[in-house]
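The residues making up each chain are set out below.
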Amino acid sequence: MTDVKIFGEHDARTKEQMVRCMQYGSVVGGVLCADGHLGYAQPVGGVIAYEEHISVSGVGFDIACGNMAVKLDLPKAAIADRVGPLLEKVAANVSFGLGRSNAEKVDHDLFDSPLWQEAELIGHLKTMARDQLGTVGSGNHYVDLFEDEDGLVWIGVHFGSRGLGHKTATAFIKAAGGKDGIDVAPTVLHQDSDLGRQYLAGMTLAGQYAYAGREWVVEKVRSIIGGEVLDTVHNHHNYAWRERHGSAQGGERELWVVRKGATPAFPGQRGFVGGSMADDAVILSGVESETSAASFYSTVHGAGRVMSRTEARGRSVKDPATGKRIRQPGRVRHDEMQAWLRDKGVRLVGGDLDEAPQAYRRLPDVLAQHAGTVKIEHVLRPFAVVMAGADVFDPFKD
């Protein structure tokens, strides 16, 4: 079996999951990034390169989840006295949460794409996708406002293809006879099979959809807070790319590189990587090195979880004595999360304990594990965060 290049420290179950994935399809190499953790079939932070296969499990349920950040010509000082009202307006005009439709209908050329006919298995999802375009979702999906080293405002968003991606992954896993779960074999399709060709068409559509959604939300937020765009960074981190990579025998070859919660970072390629709701984010770019090449030019997509959502926020359990359901507390307390936010000067709308900073690694520590493969162009300090509320469950999150 091909070796896995591992950055940082990981628990045994995450590494076992990665090893299992490497045993299916025409695998030529794998990487586990420093922000990695257990995922559905393939770890988040896991990168696998194939000669002729695409992993539906590797791309995951939130196809084309990614980040977009734009720099504005607007100083934070210009809006410092009205951040609260601006956040309320953002929350009122952008839809957060499960299965939401966008009250403002968004038309886009992607709905006329011939890919809808090529991906027959998901053609019926077009109406739902049209209604949801421009919605954000919940979990770790967000709209953030940051301040950079020059005092200028950046808008950052994180979300993917919503119900379209989730239902696409579900349909192809089922059609291929695969299993949905944690400790299961990945669902791998050959690029030349009928299902493989359909899936690539569907994945491409979901990618275009995610880009369109993030662009719409960023522009909506910009129209609310003001300013003009000076710089844009936009990237998927759940996707399969056809790329040229060198081999140990010399020369280059075309490979399918499946990144699940990993950011492409070819030399000079820029990415936006967030921390937690109250930690700095970064704009980074790839650097040429032996380590970069060995990682298929991939880097982290965030700080990475250190505890599950349930561990962080607790759960509802049945009291054996009374038969009633009671709240079993998690590892993070509400006052601890609020104290962290206050200390960092971050105003939060929505969110829950499962997204508390305490549930995540620290981004500088994670990036340090990838030293020599990326360089930091900007450090972005969050001062306002909008997420879905604590009462929202969303299966579409990555």
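Refer to the structure presented above.
Here is what the cut-offs are and how they apply
Residues numbered from 1 in each chain as written. Predicted model: local features only at pLDDT ≥ 70, side-chain atom pairs only at ≥ 80, totals over all residues. Heavy atoms only, no water. Axes fitted to C-alpha atoms, helices over the stretch in contact; angles between N-to-C directions. Helix = DSSP H or I, 4+ residues; strand = E, 2+ residues; numbered from the N terminus. Parallel < 35°, antiparallel > 145°, perpendicular 65-115°, else oblique. Contact = heavy atoms within 4.5 Å. Nonpolar A, V, L, I, M, F, W, Y, C, P; charged D, E, K, R; others polar. Salt bridge = Lys/Arg side-chain N within 4 Å of Asp/Glu carboxyl O. Buried < 20%, exposed > 50% of the residue type's maximum accessible area, 1.4 Å probe, protein only. Pairing = 2+ DSSP bridges. Phe/Tyr/Trp six-rings, centres within 6.5 Å; stacked < 30°, edge-to-face > 60°. Core = buried A, V, L, I, M, F, W, Y, C linked by side-chain atoms within 4.5 Å. Expected span 1.5 Å × (residues − 1). Left-handed = near helix turned anticlockwise from the far one by under 90°. Lys, Arg positive; Asp, Glu negative; His and termini not counted. Polar contact = N/O pair within 3.5 Å; in protein donor to acceptor, adjacent residues only side chain to side chain.

K.L.:
In this structure, what is going on with the packing of helix H6 (residues 162-175) against helix H7 (residues 194-225)? I would like to understand it.
P.N.:
The relative placement of two packed helices is expressed as an angle between their axes plus a distance between the axes. One can describe the packing of H6 onto H7 by two numbers: an axis separation of 9 Å at closest approach and a directional angle of 170°. It follows from the interaxial angle that H6 and H7 lie roughly antiparallel. Residue-level contacts link Arg162, Leu164, Phe172 and Ala175 of H6 to Leu195, Gln198, Tyr199, Ala206 and Tyr209 of H7. Of the residues that constitute the contact of H6 with H7, the class distribution is seven nonpolar, one polar and one charged.

K.L.:
Hey, could you run me through the pattern of salt bridges in this one?
P.N.:
For side chains bearing opposite charge, pairing can occur when the charged atoms are close. Per the counting criterion, the structure on display carries 22 salt bridges. A salt bridge links Asp183 to Arg20; the nearest nitrogen and oxygen atoms lie 3.9 Å apart. Separated by 163 residues along the polypeptide, Asp183 in the loop between H6 and strand E8 (188-190) and Arg20 in helix H1 (residues 12-21) bring together distant segments of the chain. For Asp183, a relative accessible area of 45% corresponds to the partly exposed category. Given a relative accessible area of 22%, Arg20 falls into the partly exposed group. Connected through shared salt-bridge partners, Arg305, Arg309, Arg313, Asp354 and Glu355 make up one network.

K.L.:
Even after reading the chapter, I still don't get the sheet that holds strand E1 (residues 4-6), so can you show me in this structure?
P.N.:
Strand order in the open sheet made by the five strands is E1-E2-E3-E11-E10, with mixed pairing throughout. In this open sheet, the two strands that pair with only one neighbour each are E1 and strand E10 (238-246). The sheet shows a mean angle of 20° between the axes of neighbouring strands, direction not considered. As paired elements, E10 and strand E11 (residues 252-260) share nine bridges and run antiparallel to each other. Across the sheet, Ala240 pairs through a bridge with Val258, a residue of E11. Here H1 sits on the sheet in contact with E1, strand E2 (27-37) and strand E3 (44-50), set at roughly 160° to E2.

K.L.:
Hey, could you run me through the packing of aromatic side chains in this one?
P.N.:
Think of a pair of aromatic rings as described by two things: how far the centres are apart, and how the planes are tilted against each other in angle. For the coordinates displayed, the defined rule picks out seven aromatic pairs. Seen from their ring centres, Phe111 and Tyr209 are 6.5 Å apart, and the 80° between their planes marks the pair as edge-to-face. Taken together, the residues span a long stretch of sequence, with Phe111 in the loop between helix H3 (83-93) and helix H4 (115-118) and Tyr209 in helix H7 at a distance of 98 residues. Taking the relative accessible area as the measure of exposure, Tyr209 reaches 1% and is therefore buried.

K.L.:
Could you clarify how one ought to interpret the nonpolar core in this entry?
P.N.:
Nonpolar side chains tend to gather and get buried jointly when the protein is soluble and globular. The biggest cluster of nonpolar side chains holds 69 residues, and the ones touching the most others in it are Ile155, Tyr199, Val217 and Ile225. For this core, the element with the most residues is H7, which contributes 15 residues. Residues within four places of Ile155 in sequence aside, it is in contact with Met68, Ala69, Val70, Leu72, Asp144, Leu145, Val218, Val221, Arg222 and Ile225. If you look at the next biggest cluster of nonpolar residues, it comprises 43 residues, including Ala281, Val300, Met337 and Val374.

K.L.:
I tried to follow the pairing of E11 on my own but got confused; where do I start?
P.N.:
It is a general feature of regular strands that their side chains alternate between the two faces of the sheet. The pairing of E3 with E11 spans five bridges and is antiparallel. Bridging across to E11, Tyr50 finds its partner in Trp256.

K.L.:
What am I meant to see in H7 here?
P.N.:
Residues spaced three or four apart along an α-helix point in a common direction, a consequence of the helix completing one turn every 3.6 residues. The first and last C-alpha atoms of H7 sit 47 Å apart over 32 residues, in line with the 46 Å expected at 1.5 Å per residue. Along H7, 23 of the 32 residues are buried, which leaves the element largely enclosed by surrounding structure. Looking one or two places after H7, you find Gly226, whose phi comes out positive at around 95°.

K.L.:
Honestly, the pairing of strand E17 (residues 325-328) in this entry has me stumped. Any pointers?
P.N.:
By the bridge criterion, four bridges tie strand E16 (residues 315-318) to E17 in an arrangement that is antiparallel. In the strand pairing of E17, Lys318 is matched with Arg325. Where E16 folds back on E17, the antiparallel hairpin that results is connected by six residues, among which Gly323 adopts a positive phi of roughly 80°.

K.L.:
Mind showing me how you'd approach the packing of H3 against H7 here?
P.N.:
Orientation of H3 relative to H7, taken along the N-to-C sense of each, is 145°, at an axis distance of 10 Å. The crossing of H3 and H7 is right-handed. Between H3 and H7, the contacting residues are Leu86, Lys89, Val90 and Asn93 on the first element and Trp216, Lys220, Val221, Ile224 and Ile225 on the second. In terms of residue class, the contact of H3 with H7 is built from six nonpolar, one polar and two charged.

K.L.:
Before we go on, may I ask you to explain unusual backbone geometry in this structure?
P.N.:
Glycine aside, the phi torsion of most residues is negative, and most peptide linkages are trans. A positive phi is found at Arg162, a non-glycine position, where the angle reads about 55°. With respect to the helices, strands and loops of the structure, Arg162 is situated in helix H6. Overall, Arg162 belongs to the buried group, its relative accessible area being 1%. In the Ramachandran plot, Tyr297 falls in the positive-phi region, its phi being about 50° despite a non-glycine side chain. Along the polypeptide, Tyr297 turns up in the loop between helix H8 (290-294) and strand E15 (298-300). Here Tyr297 falls in the buried class, since its relative accessible area comes to 11%.

K.L.:
Just checking my understanding: could you explain the side chain of Arg214 for this structure?
P.N.:
Mapped onto the secondary structure, Arg214 falls in helix H7. There is no salt bridge for the buried Arg214, and the closest opposite charge comes from Asp62, which lies 7.0 Å off by N-O distance. Within polar-contact distance, the side chain of Arg214 engages the backbone oxygen of Phe159 at 2.6 Å. Within polar-contact distance, the side chain of Arg214 engages the side chain of His234 at 2.8 Å. Other than its neighbours up to four places away in sequence, Arg214 contacts Ala64, Cys65, Gly66, Asn67, Met68, Val157, Phe159, Gly160, His234, Asn235 and His236.

So yeah, pure geometry; function would need other evidence.
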